[in-house]
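# Report on the structure
Each chain, written out:
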Amino acid sequence: MKSEVKISIKGKILNPNKEKRRKLNVVLERYLKAVKFFVSFKIRDKELLQQKAYKEARRRFGLSSTLTLTARDKAVELVKLNEGREFHINRTSIRVNYRAFKLVKRDTKLTPYWLYLQLDGEGVWYPIQLGERQGKLMNDALNDNSEWSTQQVELVKGDGEWYAYFTLEKPFVKYELRTPIGIDLGERNLATVVALVNGKPVRGTFFEGSRIKEIRHEYFNIRKKLQEKRRLDVVKIRGRKEEW
């Protein structure tokens, strides 16, 4: 059985011009409709859904074959996730697999990372901004001798900006198990870690969550006061700033 290690790297699409932004928005609208259409069949099997709805989806929404297939995949994932429950899809991201994009490095002042997308038959280049840590990971992935491969990118729209989430994969290397470690997540203690030595648990390490609760409570009160003052604009801007 083939196993992979996967990581996600987030980048920002830098100030796309009016035409490039329009292209992304148009494709997003069609893509959302396609996902909703596939979901309406409530089918959990990709191949069966392909037989039932693929041709009609291509005809209705005018997406490329690649995007139609990823919309199908998203729909199957949503149906499985919400098994037996009614749910509504108000927004989605555009999933582009390796057949319809590539990321390259260029010697430019704006950014060294450029994303080529083939969304509706015509390829377009978008500049991508990565943070320092993300840039180091991506540089490793773009190296000719790297084990990493860039399999897909999710194009996400938020607050009028566009972001690209790259999924990198490499083969999983089996290693000999030495010291098993158990981690229990909780509310009072964020995590409790216990190691097994010679089959017996040793003294655990506790990571307290009291400081996290204090921060959540502090920001809850800030949002409450802003809402009472009808400063919903500020509430929206702040969002959930306590996340860190």
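Presented here is a report on the structure given in the accompanying data block. (Residues numbered from 1 in each chain as written. Predicted model: local features only at pLDDT ≥ 70, side-chain atom pairs only at ≥ 80, totals over all residues. Heavy atoms only, no water.)

The next thing to look at is the overall build of the protein chain. In terms of helices and strands, the protein chain carries 6 helices and 11 strands. For the protein chain, the proportion of its 244 residues judged to be buried stands at 33%. Within the protein chain, contacts between residues at least 6 apart in sequence are counted, and of these 54% link residues at least 24 apart. (Helix = DSSP H or I, 4+ residues; strand = E, 2+ residues; numbered from the N terminus. Buried < 20%, exposed > 50% of the residue type's maximum accessible area, 1.4 Å probe, protein only. Contact = heavy atoms within 4.5 Å.)

So, about helix H3 (residues 65-81). Taking 1.5 Å per residue as the helical rise, H3 with its 17 residues ought to reach 24 Å, and the 24 Å between its terminal C-alpha atoms agrees with that figure. Buried within H3 are the following residues: Thr66, Leu67, Thr68, Thr70, Ala71, Arg72, Asp73, Lys74, Ala75, Val76 and Val79. Packing partners of the buried residues in H3 comprise helix H1 (18-39), helix H2 (46-61), strand E2 (94-97) and strand E6 (149-158). (Expected span 1.5 Å × (residues − 1).)

When its volume is computed, the largest pocket comes out at roughly 200 Å³. Lining the largest pocket, in full, are Val39, Lys42, Arg44, Val79, Asn82, Glu83, Gly84, Arg85, Glu86 and Phe87. Of the residues contributing to the lining of the largest pocket, the split by class is 3 nonpolar, 2 polar and 5 charged. (1 Å grid on protein atoms, 1.4 Å probe; cavity = no way out; pocket = protein on both sides within 12 Å on 5 of 7 lines; lining within 4 Å. Points joined across faces, edges and corners; volume = space filled by probe spheres on them. Nonpolar A, V, L, I, M, F, W, Y, C, P; charged D, E, K, R; others polar.)

Val96, Leu117, Leu155 and Phe166 are the most contacted members of the largest nonpolar core, which has 46 residues in total. The element best represented in this core is H1, accounting for 10 residues. Setting aside residues no more than four positions away along its own chain, phenylalanine 166 makes contact with Ile7, Ser8, Ile9, Phe101, Leu103, Leu115, Ile128, Met138, Thr150, Gln152 and Val153. (Core = buried A, V, L, I, M, F, W, Y, C linked by side-chain atoms within 4.5 Å.)

Bringing the pattern of salt bridges into the picture now. Taken as a whole, this structure holds 15 salt bridges when the rule is applied. The partner of lysine 33 in a salt bridge is glutamate 29, and the shortest N-O contact between them spans 3.7 Å. Of this pair, lysine 33 and glutamate 29 both sit in helix H1, 4 residues apart, roughly one helical turn. Taking the relative accessible area as the measure of exposure, glutamate 29 reaches 49% and is therefore partly exposed. Across the salt bridge formed by glutamate 86 and lysine 42, the nearest N and O atoms sit 3.5 Å from each other. Taken together, the positions of glutamate 86 in the loop between H3 and E2 and lysine 42 in the loop between H1 and H2 put the pair 44 residues apart, joining distant regions of the chain. A single burial state applies to glutamate 86 and to lysine 42, both of which are exposed. If you follow the salt bridges from partner to partner, you end up with Lys74, Glu77, Arg95 and Glu154 in one network. (Salt bridge = Lys/Arg side-chain N within 4 Å of Asp/Glu carboxyl O.)

Turning our attention to the sheet that holds strand E5 (residues 123-129). Within the open sheet, the 7 strands sit side by side as E2-E6-E7-E1-E5-E4-E3. Their pairing is antiparallel. Edge strands, defined here as strands with exactly one partner in the open sheet, are E2 and strand E3 (101-105). Across this sheet, the average inter-strand angle for adjacent strands is 35 degrees, counted without regard to direction. Bridge count between strand E1 (residues 4-13) and E5: 2 bridges; the pairing is antiparallel. When the bridges of E5 are listed, lysine 12 appears paired with glutamine 129. Relative to E5, H1 is tilted by about 100 degrees, and along the sheet it contacts E1, E2, strand E4 (113-118), E5, E6 and strand E7 (161-171). On top of the sheet, helix H4 (residues 132-142) reaches E1, E3, E4 and E7; it is set at about 120 degrees to E1, its chief contact. (Pairing = 2+ DSSP bridges. Axes fitted to C-alpha atoms, helices over the stretch in contact; angles between N-to-C directions.)

This brings us to a nonpolar patch on the surface. On the surface, a cluster of nonpolar side chains totalling about 360 Å² of accessible area is made up of Ile181, Ile183 and Leu185. Tracing the sequence through the fold places isoleucine 183 in strand E8 (residues 181-185). (Patch = residues over 30% accessible without salt bridge, like charges linked within 9 Å, V, L, I, M, F, W, Y side chains within 5 Å. Areas by Shrake-Rupley, 256 points an atom, 1.4 Å probe, with all protein chains shown as cover.)

Before going further, it helps to examine the packing of aromatic side chains. Under the counting rule described, the total for this entry stands at 5 aromatic pairs. Ring centres 6.0 Å apart and planes at 55 degrees place the aromatic pair phenylalanine 37 and phenylalanine 38 in the tilted group. Residue classification places phenylalanine 37 among the buried residues on the basis of a relative accessible area of 10%. Seen from their ring centres, tyrosine 116 and tryptophan 125 are 5.1 Å apart, and the 55 degrees between their planes marks the pair as tilted. Here tyrosine 116 falls in the partly exposed class, since its relative accessible area comes to 21%. Residue class for tryptophan 125 comes out partly exposed when judged on its relative accessible area of 24%. Each member of the aromatic cluster is reached from another via a ring pair, and the members are Phe37, Phe38, Phe41 and Phe61. One residue, arginine 106, lies across the ring of tryptophan 114, its end atom 5.4 Å from the ring centre. (Phe/Tyr/Trp six-rings, centres within 6.5 Å; stacked < 30°, edge-to-face > 60°. Lys NZ or Arg CZ within 6 Å of the ring centre and 35° of its normal.)

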